[in-house]
Amino acid sequence: MISRGGFLNYLSWSTEAYRVAEGRGAPVHSSLAFDLTVTSLFPSLMAGRSLFLLGEDESAGDLLAQSLRGRPEFSLVKITPAHLEVLSLLMKPDEVRGVAQALVIGGEALHWENLSFWRAQAPAMRIVNEYGPTETVVGCCVYEVAAADETYGSVPIGRAIANTRMYVLDDRMEPAPFLVAGEIYIGGAGL
């Protein structure tokens, strides 16, 4: 169970952080029961932007064909790394520019090699790795990819969003030193 306050915290943060009001809304391509939909649906409505609704039975290829081709200039497109891989195979290089102002990726581990096509073809598009386990409201931390970032291994999960705290603790529940493995503990409004 998640409080309405946590939900509103995420929506307020994402609407501003992803600059939803500057674009043309977002495609909604997954089930309303999937938390990925929250990022596409509610911030666009809060910013007075349009939504492009696709049926739940449609594939990533349908998403591409119906909503991403033709330079729709969406505010954001929220997808999983698996969607990203499929779209990378289906889209031609000249189709990538103008798809969205921000590509928000979450739901599974993201690797640098999966971003190379997008970084090369749409260098002005913001690419954000959004991390949030099920116990949080959609996302609790983000990492925005920069042009000079590394290109191998895993993309970092980044820093906590507004009104959220994140800690890496060792097995004694003490803060783990920098670059030492531990468990992530999350606190704040989005929990």
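Residues numbered from 1 in each chain as written. Predicted model: local features only at pLDDT ≥ 70, side-chain atom pairs only at ≥ 80, totals over all residues. Heavy atoms only, no water.

K.L.:
I'd like a rundown of unusual backbone geometry, residues and numbers included.
P.N.:
Backbone geometry places Arg 19, a non-glycine residue, at a positive phi of 50°. Inspection of the secondary structure assignment puts Arg 19 in the loop between helix 1 (4-17) and strand 1 (26-28). Look at Asn 163: it is not a glycine, yet its phi comes out positive at around 65°. Assignment of secondary structure puts Asn 163 in the loop between strand 7 (159-160) and strand 8 (164-169). Looking at Asn 163, the relative accessible area reads 53%, which means it is exposed. (Helix = DSSP H or I, 4+ residues; strand = E, 2+ residues; numbered from the N terminus. Buried < 20%, exposed > 50% of the residue type's maximum accessible area, 1.4 Å probe, protein only.)

K.L.:
Got a sec to walk through the sheet that holds strand 7? Specific residues and values, please.
P.N.:
Taken together, the five strands give an open sheet; going across it, the order is 3-4-5-6-7, and neighbouring strands pair in mixed fashion. Every interior strand has two partners, whereas the edge strands, strand 3 (74-79) and strand 7, have only one. Together, strand 3 and strand 5 (126-131) form the strand contacts of helix 2 (residues 36-46), whose direction differs from that of strand 3 by roughly 165°. (Pairing = 2+ DSSP bridges. Contact = heavy atoms within 4.5 Å. Axes fitted to C-alpha atoms, helices over the stretch in contact; angles between N-to-C directions.)

K.L.:
Give me the lowdown on the pattern of salt bridges, citing residues and values where you can.
P.N.:
The tally for this structure, following the rule as stated, stands at four salt bridges. Two residues, Arg 69 and Glu 95, come together in a salt bridge whose shortest N-O distance is 2.7 Å. Here the residue Arg 69 occupies a position in the loop between helix 3 (60-68) and strand 3, and Glu 95 occupies one in helix 5 (residues 93-96), the gap between them amounting to 26 residues. Looking at Glu 95, the relative accessible area reads 15%, which means it is buried. Here Arg 172 and Asp 170 are joined by a salt bridge, their closest N and O atoms 3.4 Å apart. With relative accessibility at 60%, the residue Arg 172 sits in the exposed group. (Salt bridge = Lys/Arg side-chain N within 4 Å of Asp/Glu carboxyl O.)

K.L.:
Kindly report on the environment of Pro 175, identifying the contributing residues and their values.
P.N.:
For Pro 175, the location among the structural elements is in the loop between strand 8 and strand 9 (183-188). Setting aside chain neighbours within four positions, we find Pro 175 in contact with Val 168 and Leu 169.

K.L.:
I'd like a rundown of the packing of helix 1 against helix 2, residues and numbers included.
P.N.:
The angle between the axes and the distance between the axes are what describe a pair of packed helices. Remark: helix 1 packs on helix 2, axes separated minimally by 9 Å, with the N-to-C direction vectors making an angle of 75°. Judged on the interaxial angle alone, helix 2 and helix 1 are roughly perpendicular. Along its contact with helix 1, which presents Phe 7, Tyr 10, Leu 11, Ser 12, Ser 14 and Thr 15, the element helix 2 presents Val 38, Thr 39, Phe 42, Pro 43 and Met 46. In terms of residue class, the contact of helix 1 with helix 2 is built from seven nonpolar, four polar and no charged. (Parallel < 35°, antiparallel > 145°, perpendicular 65-115°, else oblique. Nonpolar A, V, L, I, M, F, W, Y, C, P; charged D, E, K, R; others polar.)

K.L.:
Before we move on, could you go through helix 4 (residues 81-90) and cite the residues and values that matter?
P.N.:
Within helix 4, the full set of buried residues consists of Pro 81, His 83, Leu 84, Leu 87 and Ser 88. For helix 4, the buried positions fall inside an angular range of 150° around the axis, keeping them on one side. (Arc of directions from axis to C-beta.)

K.L.:
Which residues make up the pairing of strand 5, and what values do they have?
P.N.:
In terms of residue burial, strand 5 counts as a mostly covered element, since five of its six residues are buried. Two elements, strand 4 (residues 100-106) and strand 5, share five bridges in a ladder whose sense is parallel. Its bridge partner being in strand 5, Ala 102 is matched across the sheet by Arg 126.

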